[in-house]
Amino acid sequence: LVLGIESLGSALFYPAETVMVPEMVRGSDLVQANGLYAVTAQLSSAVGYALGGAAVAAIGVRVIFGWDMASYWLSALAILLMMRTVSGPVRERTAAQTDEAGSGFIQSLADGWAGFRAIPGLSRVLPWIVVLNFGFVAGIIMLPLWIHRHLGAGAVWYGIVYASWAGGMVLGSVASGAFGRLRLKTAFAVAFGSQTVFLLAFAA
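Remember, predicted model here, so these are calculated numbers, not experimental data.

1. A few points about the overall build of the chain
For step 1, the next point in the chain: In terms of regular secondary structure, the chain is built from seven helices and zero strands.
For step 2, the next point in the chain: For the chain, buried positions account for 12% of its 204 residues.
For step 3, the next point in the chain: In the chain, of all internal contacts separated by at least 6 residues, the share reaching a separation of at least 24 is 62%.
For step 4, the next point in the chain: Roughly 15500 Å² of accessible area belongs to the chain as shown, and the carbon and sulfur atoms make up 72% of that amount.

2. A look at the nonpolar core
The nonpolar side chains of soluble globular proteins are, as a tendency, buried together.
For step 1, the next point in the chain: Core analysis: the largest hydrophobic core is formed by five residues, namely Leu143, Ile147, Ala153, Val161 and Tyr162.
For step 2, the next point in the chain: When contributions to this core are tallied by element, the ones reaching two or more residues are α5 (122-150) and α6 (155-180).
For step 3, the next point in the chain: With residues near it in sequence (within four places) discarded, Val161 still touches Leu143 and Ile147.

3. Concerning the packing of aromatic side chains
For step 1, the next point in the chain: In total, this model carries five aromatic pairs according to the counting rule given.
For step 2, the next point in the chain: Aromatic pair Phe13 and Tyr14: ring centres 5.3 Å apart, planes at 75°, arrangement edge-to-face.
For step 3, the next point in the chain: Look at Phe13 and you get partly exposed, because its relative accessible area is 32%.
For step 4, the next point in the chain: Ring centres 4.8 Å apart and planes at 40° place the aromatic pair Tyr158 and Tyr162 in the tilted group. Here the residue Tyr158 and the residue Tyr162 both occupy positions in helix α6, the gap between them amounting to four residues, near one helical turn.
For step 5, the next point in the chain: The class for Tyr158 is partly exposed, based on a relative accessible area of 30%.
For step 6, the next point in the chain: Exposure remark for Tyr162: the relative accessible area of 12% places this residue in the buried category.
For step 7, the next point in the chain: A network of ring pairs unites the aromatic residues Tyr49, Tyr158 and Tyr162 as a single cluster.

4. Topic: the packing of helix α1 (residues 2-24) against helix α2 (residues 30-58)
For step 1, the next point in the chain: Orientation of α1 relative to α2, taken along the N-to-C sense of each, is 140°, at an axis distance of 9 Å. Here α2 runs oblique to α1, going by the angle between their axes. Crossing handedness for the pair α1 and α2: right-handed. Every residue of α2 that contacts α1 at Glu17, Val21 and Pro22 is listed here: Leu30, Ala33, Asn34 and Tyr37.
For step 2, the next point in the chain: Broken down by class, the residue content of the contact of α1 with α2 amounts to five nonpolar, one polar and one charged.

5. Some thoughts on α5
For step 1, the next point in the chain: Taking 1.5 Å per residue, 29 residues should reach 42 Å; α5 reaches 40 Å between its end C-alpha atoms and fits that length.
For step 2, the next point in the chain: The largest bend along α5 reaches roughly 35° and is located at Met142, with the proline Pro144 sitting one to four residues downstream.
For step 3, the next point in the chain: Phi turns positive one or two residues past the end of α5, at Gly152, with a value near 60°.

6. Brief notes about a nonpolar patch on the surface
For step 1, the next point in the chain: There is a patch of nonpolar side chains on the surface, built from Leu132, Leu184, Phe188 and Phe192 and spanning about 420 Å² of accessible area.
For step 2, the next point in the chain: The biggest single contributor to the nonpolar patch is helix α7 (residues 184-203), with three residues.
For step 3, the next point in the chain: Topologically, Phe188 is positioned in helix α7.
For step 4, the next point in the chain: In this structure Phe188 comes out as partly exposed when scored by relative accessible area, which is 45%.

7. Thoughts on the environment of Met169
For step 1, the next point in the chain: Tracing the backbone through its elements, the reader meets Met169 in helix α6.
For step 2, the next point in the chain: When the C-alpha positions of Met169 and Ala41 are compared, they lie 9.4 Å apart, and in sequence the two are 128 residues distant.

About the thresholds
Residues numbered from 1 in each chain as written. Predicted model: local features only at pLDDT ≥ 70, side-chain atom pairs only at ≥ 80, totals over all residues. Heavy atoms only, no water. Helix = DSSP H or I, 4+ residues; strand = E, 2+ residues; numbered from the N terminus. Buried < 20%, exposed > 50% of the residue type's maximum accessible area, 1.4 Å probe, protein only. Contact = heavy atoms within 4.5 Å. Areas by Shrake-Rupley, 256 points an atom, 1.4 Å probe, with all protein chains shown as cover. Core = buried A, V, L, I, M, F, W, Y, C linked by side-chain atoms within 4.5 Å. Phe/Tyr/Trp six-rings, centres within 6.5 Å; stacked < 30°, edge-to-face > 60°. Axes fitted to C-alpha atoms, helices over the stretch in contact; angles between N-to-C directions. Parallel < 35°, antiparallel > 145°, perpendicular 65-115°, else oblique. Left-handed = near helix turned anticlockwise from the far one by under 90°. Nonpolar A, V, L, I, M, F, W, Y, C, P; charged D, E, K, R; others polar. Expected span 1.5 Å × (residues − 1). Bend = angle between axes of the 7 residues up to and from the residue. Patch = residues over 30% accessible without salt bridge, like charges linked within 9 Å, V, L, I, M, F, W, Y side chains within 5 Å. Salt bridge = Lys/Arg side-chain N within 4 Å of Asp/Glu carboxyl O.

Okay, here's the thing in structure tokens:
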């Protein structure tokens, strides 16, 4: 039950977090803002995983969970301050959209479904996204088992493996500026093609 509630919170949080970035910067700065957001998030993860694994081994799980809980309160305070920046424009635009399209949750679902059908390529892409995540997430879920059973390692190496994972995302975030100069389809093909090659090499 607790895991379900935590997962539901994450499912609500991440879309809202991602949507806030375009609300805080101009459209011309969005690529750089997304890159900065990704770099800071993954850099903190890379450092945090490495320190976290060592701290669990040296200090213990209870203290680390206490620190983690405190960090969530600080994060909540930062989000509250950001919401004050964007809440006015978002509220005004949402009110205008509601007046234009009608009110109610059912109406919002109907508008969303109509928007989905109006984007010609989306229905062809979504099944591939599902298949991609099926294999990708399955590998991520098995990673702790692989570290424990096949490497015979504990919290320290678990932190190092995940820190290296996040470190690669930092490099990818920094490289996003170079991808941004390519045509969008070319950038996606190069980025996901590279990811596929490296994942296959890691699996091998």
